[in-house]
Amino acid sequence: MLSKLKLSILIGSFLILAALPMVAESEMIDEPFYIDLMARVMIFSIAAMSLDFILGYGAMISFGHALYLGLGTYAVGIMAHYELTNGWMQLLVCISGTAFIAFILGLISLRTSGIYFIMITFALAQMFYFLGISLEAFGGDDGLPIDTRSEFFSFFDLNETWNMYYLILGTLVVAALVLWKIINSRFGMVVRGSHSNDARMQAIGFPTFKYRLAAFVIAGVVCGLAGFLLGNLTEFLTPEYMHWFRSGELMIMVMVGGMGTLFGPLFGAFAYLMMEDFLANFTEYWQFYFGPILILLVLFAKQGLWGMLPGKEDISDE
Amino acid sequence: MLGTHGVLGMTLLLLIEQFLNGMQFGVFLFLISAGLTLVLGIMNVVNLAHGSLYMLGAYFASTFFGLTGSLIVSLVLMIPVMLLVGILIELVVLRTLYERDHMDQVLATFGLILFFNELVRIIWGVEAQPLTLPMWLSGNVEILPDAPYPVYRLVIIGVGMAVAAGLFWMITKTRMGMLIRAGASNRPMVGALGINIRFLYTMVFGLGAVFAGLAGLMAAPLQSVESGIGEDMLIFAFVVIVIGGIGSIRGALVASLIIGIFETVGRSILPVLMLEIVDSEAAQTAGPALASMLVYILMAVILFFKPQGLFPARTG
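The structure displayed is predicted, hence computed values, not measured ones.

When helices and strands are tallied, chain A shows 12 helices and 2 strands. Computed over its C-alpha atoms, the radius of gyration of chain A comes to 19 Å, within 12% of the 20 Å expected for a compact globule of 318 residues. Along the first, second and third principal axes, the C-alpha set of chain A runs to 55 × 45 × 45 Å. Residues classed as buried in chain A amount to 57% of the 318 residues present. Surface accessibility of chain A: about 13300 Å² in total, with carbon and sulfur atoms responsible for 66%. The averaged location of the 25 negative side-chain charges in chain A is 21 Å from the averaged location of its 14 positive side-chain charges.

Moving on, we come to the packing of helix H1 (residues 4–25) of chain A against helix H6 (residues 161–183) of chain A. Residue and element names in this part refer to chain A. Relative to each other, H1 and H6 sit at 175°, their axes nearing to 10 Å. Considering their axes alone, H1 and H6 lie roughly antiparallel with respect to each other. Where H1 approaches H6, its residues Phe14, Leu17, Ala18, Leu20, Pro21, Met22 and Glu25 are matched on the opposing element by Trp162, Tyr165, Tyr166, Leu169, Leu172 and Val173. In terms of residue class, the contact of H1 with H6 is built from 12 nonpolar, no polar and 1 charged.

All names here are of chain A. A cluster of nonpolar residues, Met22, Val23, Met28, Ile29, Phe33, Tyr34 and Trp162, forms a patch on the protein surface that exposes about 740 Å² of accessible area. Counting only elements with at least two residues in the nonpolar patch, the list comes to H1 and helix H2 (33–55). Within the fold, Ile29 resides in the loop between H1 and H2.

Moving on to a negative patch on the surface. All names here are of chain A. Negative charge collects at one region of the surface, where Glu25, Glu27, Asp30 and Glu31 lie side by side. The residue Glu31 is located in the loop between H1 and H2 in this model. We classify Glu31 as partly exposed; its relative accessible area is 36%.

A word on the pattern of salt bridges. As enumerated under the stated definition, the model contains 8 salt bridges over all chains in all. Arg246 of chain A is the partner of Glu249 of chain A in a salt bridge, and the nearest nitrogen-oxygen pair spans 3.3 Å. Here Arg246 of chain A and Glu249 of chain A lie together in helix H9 (residues 244–257), a separation of 3 residues that amounts to about one turn. Like Glu249 of chain A, the residue Arg246 of chain A is buried in the burial classification. Measuring nitrogen to oxygen at the nearest pair gives 3.5 Å for the salt bridge that ties Asp101 of chain B to Lys302 of chain A. A residue pair is termed interchain when its members come from two chains, as with Asp101 of chain B in the loop between helix H3 (71–92) and helix H4 (102–124) and Lys302 of chain A in the loop between helix H11 (286–300) and helix H12 (304–308). Ionic contacts of the salt-bridge type, sharing partners, join the residues Lys302 of chain A together with Arg100, Asp101 and Asp104 of chain B into one network.

Residue and element names in this part refer to chain A. A complete count under the given rule lists 2 cavities of 30 Å³ or more for this structure. In terms of lining residues, the largest cavity is bounded by Ser62, Gly64, Tyr68, Leu105, Ser109, Thr121, Leu124, Ala125 and Phe216. Breaking the lining of the largest cavity down by element, the ones donating at least two residues are helix H4 (87–109) and helix H5 (114–134). Broken down by element, the lining of the largest cavity gets its largest block of residues, 3 residues, from H5.

Counting residues at the interface gives 47 residues for chain B, matched by 42 residues for chain A. Taken together, chain B and chain A are joined by 2 salt bridges. Residues Lys302 of chain A and Asp104 of chain B are paired through a salt bridge, measuring 3.0 Å at the closest nitrogen-oxygen approach. Summed over the shared surface of chain B and chain A, the result is 6 residue pairs in polar contact (both at pLDDT 80 or more). For the side of chain B that touches chain A, the element with the highest residue contribution is H4 of chain B, accounting for 16 residues. Of the residues in the side of chain B that touches chain A, the class split is 33 nonpolar, 8 polar and 6 charged.

Reading guide: rules and limits
Residues numbered from 1 in each chain as written. Chains lettered and ligands numbered in written order. Predicted model: local features only at pLDDT ≥ 70, side-chain atom pairs only at ≥ 80, totals over all residues. Heavy atoms only, no water. Helix = DSSP H or I, 4+ residues; strand = E, 2+ residues; numbered from the N terminus. Rg over C-alpha atoms; globule rule 2.2 N^0.38 Å. Buried < 20%, exposed > 50% of the residue type's maximum accessible area, 1.4 Å probe, protein only. Areas by Shrake-Rupley, 256 points an atom, 1.4 Å probe, with all protein chains shown as cover. Lys, Arg positive; Asp, Glu negative; His and termini not counted. Charge placed at Lys NZ, Arg CZ, Asp CG, Glu CD. Axes fitted to C-alpha atoms, helices over the stretch in contact; angles between N-to-C directions. Parallel < 35°, antiparallel > 145°, perpendicular 65-115°, else oblique. Contact = heavy atoms within 4.5 Å. Nonpolar A, V, L, I, M, F, W, Y, C, P; charged D, E, K, R; others polar. Patch = residues over 30% accessible without salt bridge, like charges linked within 9 Å, V, L, I, M, F, W, Y side chains within 5 Å. Salt bridge = Lys/Arg side-chain N within 4 Å of Asp/Glu carboxyl O. 1 Å grid on protein atoms, 1.4 Å probe; cavity = no way out; pocket = protein on both sides within 12 Å on 5 of 7 lines; lining within 4 Å. Points joined across faces, edges and corners; volume = space filled by probe spheres on them. Polar contact = N/O pair within 3.5 Å; in protein donor to acceptor, adjacent residues only side chain to side chain.

If you want it as structure tokens, here you go:
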């Protein structure tokens, strides 16, 4: 179980998120901009959390995770392009599409491990990025505006800022709970076991490859959902979201939040996007400063924000 | 009158030309991946910033060429500078990462990329840096009757092959090469035998930096020198290393040429070929799309049969 402190921070954060639209639009503050900003933060939180699920718990250092973010936006964008705006249908295509691609890529990349795995996930994600660029029908590297947001219920119009926001918040909460359940299930134990010692897990009879592949697919689908939301929020489809740079950013969010702590990446995404925003306001060359900061974080603050909090995260680990 | 024979001849010439272009691209890939594969194989460090060294090489080349007007002098100046840059990076950042896990190495060297990409924008500005070829390199030669080919590209192929030969000689015949190979098989043992393994690492890293810089220098007249050009090459270098096998120079050479030729010939032939097979509309979309995926599909196929690459290094 989570420690009391962590649990209260988590619940407190979600309460703040739930109250945010009302506060931001109140007459006192009147900064609706924050709603959009936090919506973005939450989408990247979902993506970072899904990456941490395989990276932190399964030791699969995927350096191409942003691919699924892009695939999600493409699912929405391409279907909207052909005027298929039914949200349920889009969701179905998004989930089955990301699951299928994650399955195929997992079959290829999970045959390897270590450095090979990093490089292969990296290269395969770039392949889709280049594919996106070469698809002139969907805007090539310029991307394509998404004219219509997904349509779910007649009473739940995603063009309303609040509806969009609460859909994202709801997805975040559900994704966090589901992943937390999975991690603490028997399935999650096997994945974590193969993290600590794959050979031993196989020796006691677990076909760890299958378990790892399933985890890889789950992470891909959850990240695809984040992409689904991102496409709806930004109303734009672009191969940019699949670029390896984004994958790197997701890894940074995971590390800043705390690797192998499911909820850490939520705060990692927040911290990273705020830091980027802050530095970019302060200088045109923000990466010049962020690069060395990142190196220092890796060297000296590896445990991440969540990891710095007292109290053990995990139920079973020693 | 162009008969069937003439058309075939044209196609053949085009194919030869594209083949040579592919070799030339393969040489660039080899120069970049040779250093990277040594670093990966011996030091077990993932260095994303290796592409930045290629970029720096190209920038230094354009500056030195602007100052001196001679490509040879630029080359002579660039070698010690890149060696120094490589040694500095190794001492300041990489050295702290040897004992860390791959995740840390990826993130820290990602930080290096951000730093260098922005650094060149600060120093050289955002515009692409010009570098025009000197007269003696800008001509054509007839490789076959009526088939002119740029001299410079042939020079690149020649230099690349010479470097490959030199590297093989160094790895297999010299004391340093022996130490490198020994270090790859058993690091602590080499250290225990009284070899300064840290110094060896630093030198290998510096050497890799010089090779990447050399590729950057040779590529500078052919492409626009801008911030971020290293990363495109890095992706190909990763594919090369994965196919060739980590730590294997021989694998890097073979895989570089395979990838270079596949990429170049595929990009020029595949769209045309697709037009022949399927109706034009579908082909216009599918041709370029497939061409851009070709190399990765090749990688996936090779990995499916040989997960350790074509030339797996003898030891883990």
